[in-house]
Every structure is written in C-alpha cells, then in structure tokens.
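# Survey of secondary and tertiary structure
This is what each chain is made of:
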Amino acid sequence: MSSKKSSAKMRAKRSQRYNKITMVGISIVVCMLLVVLFVQGQSVKERISANTQKQDELAQQIEDENKRTEDIENMQEYMQSDEYIEKIAKEKIGLVKENEIIFKEAD
C-alpha cells in the first residue's frame, strides 16, 4: 500500500509541477499579448493624432479656397459692371466722357 501512496504522491507532485509550468506559460503568453496590444494602441493613437491634424489643415484649406472663390466671384461681378469698364477705358485707352476735362500734371 505504501507504494501506491508514494506513487499517488509522485503523480500529485508531477501534476502540481505540470500545473505550475502551464500557469507560467499562460502568464507569459498573456503578458506578451498585453505588450503587443499596448504597442498597437500607441500606434493607433499616433495615427489618430496625425489624421486629426491633417483634417484640421484640410478644413483650413477648404475655408481659404471658399474665401478665394468668393473673391473671384465678386471680381467677376465687378468686371461686368459699368464702373469697371469705364475705369479700364480711361486707364488703358485714354477715353473720356463728353464734356469731361482732363488735367495733366506739368513735368
């Protein structure tokens, strides 16, 4: 009977040792997974930050382009006005209205 008891004790010790080794192995795998997840999380945070900055820059560019478009539309409207046509005629061609007197500076 003593050999059965000692044999059972040895099996129990082996089983305990196997359980400890298994737990250590599982703990190492879990720790490795946590490290990988942490590194991936940092990478994702950096990409989110970069994308947010790029989004802000693009929003500013859109705002600038909308302002530029508005300025161009205003200039087109002004260029079709009689005031602009008259101004260009006076500056470029030297045309004057009837009964208009032009004064020139003496050199």
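Worth saying up front: this structure is predicted, and the values here are computed from it rather than measured.

With that out of the way, let us pick up the pattern of salt bridges. Enumeration according to the criterion identifies 3 salt bridges in this entry. Notably, a salt bridge pairs lysine 67 with aspartate 71, separated by 3.1 Å at the nearest N-O pair. Taken together, the positions of lysine 67 and aspartate 71, both in helix α1 (residues 2-79) and 4 residues apart, correspond to about one turn of that helix. Of the charged contacts, one joins lysine 90 and glutamate 86 as a salt bridge, the two residues approaching to 3.7 Å between their closest N and O atoms. Of this pair, lysine 90 and glutamate 86 both sit in helix α2 (residues 82-93), separated by 4 residues, roughly a single helical turn. Take lysine 90: its relative accessible area is 35%, and that puts it in the partly exposed class. Owing to a relative accessible area of 34%, glutamate 86 belongs among the partly exposed residues under this scheme.

Tallied over the entire structure, the rule returns 1 aromatic pair. With a centroid separation of 5.2 Å and 65 degrees between ring planes, the pair formed by tyrosine 78 and tyrosine 84 is classed as edge-to-face. Given a relative accessible area of 27%, tyrosine 78 falls into the partly exposed group.

With that settled, the discussion passes to the environment of glycine 25. Looking at the secondary structure, you find glycine 25 in helix α1. Using a relative accessible area of 29% as the deciding quantity, one classes glycine 25 as partly exposed. The sequence separation of glycine 25 and glutamate 98 amounts to 73 residues, and the corresponding C-alpha distance is 102 Å.

Turning to a positive patch on the surface, a few remarks are in order. Together, Lys9, Arg11, Lys13, Arg14 and Arg17 give the surface a local cluster of positive charge. Relative to the helices and strands, arginine 11 resides in helix α1.

Another point: the environment of glutamate 83. Along the polypeptide, glutamate 83 turns up in helix α2. A relative accessible area of 57% places glutamate 83 in the exposed class. For the pair glutamate 83 and leucine 33, spaced 50 residues apart in the sequence, the C-alpha separation amounts to 74 Å.

Spanning 12 residues, α2 covers 16 Å between terminal C-alpha atoms, matching the ideal 16 Å at 1.5 Å per step. Where α2 terminates, the next one or two residues include glycine 94, which has phi positive at roughly 85 degrees.

About the criteria used
- Throughout this document, residue positions are counted from 1 along each chain, in the order its sequence is written.
- Local features are withheld for residues below a pLDDT of 70 in this predicted model, meaning they are given only at 70 or higher, and side-chain atom pairs are given and counted only at 80 or more; totals for whole chains, interfaces and linings count all residues.
- Excluded from the side-chain calculations are hydrogens and water; all other atoms, namely the structure's heavy atoms, are used.
- For salt bridges, the criterion is a side-chain nitrogen of Lys or Arg within 4 Å of an Asp or Glu carboxyl oxygen.
- In this text, helices come from DSSP runs of H or I with a minimum length of four residues, and strands from runs of E with a minimum of two, each type numbered from the N-terminal end.
- Only protein chains enter the accessibility calculation, which uses a 1.4 Å probe. A residue is then buried if its area is under 20% of the maximum for its type, exposed if over 50%, and partly exposed in between.
- For Phe, Tyr and Trp, where Trp contributes only its six-membered ring, two rings pair if their centres lie within 6.5 Å, and the inter-plane angle classes them as stacked under 30 degrees, edge-to-face over 60, or tilted in between.
- To count toward a patch, a residue needs a relative accessible area above 30% and no salt bridge. Like charges then connect within 9 Å, nonpolar side chains (Val, Leu, Ile, Met, Phe, Trp, Tyr) within 5 Å.
- Accessible surface area values rest on a Shrake-Rupley calculation with a 1.4 Å probe, where residue burial reflects the displayed protein chains alone.
- By the counting scheme adopted, Arg and Lys are positive, Glu and Asp are negative, and His together with the chain ends is not counted.
- Think of each charge as sitting on NZ of Lys, CZ of Arg, CG of Asp or CD of Glu.
- To estimate how far a helix should extend, the number of its residues minus one is multiplied by 1.5 Å.

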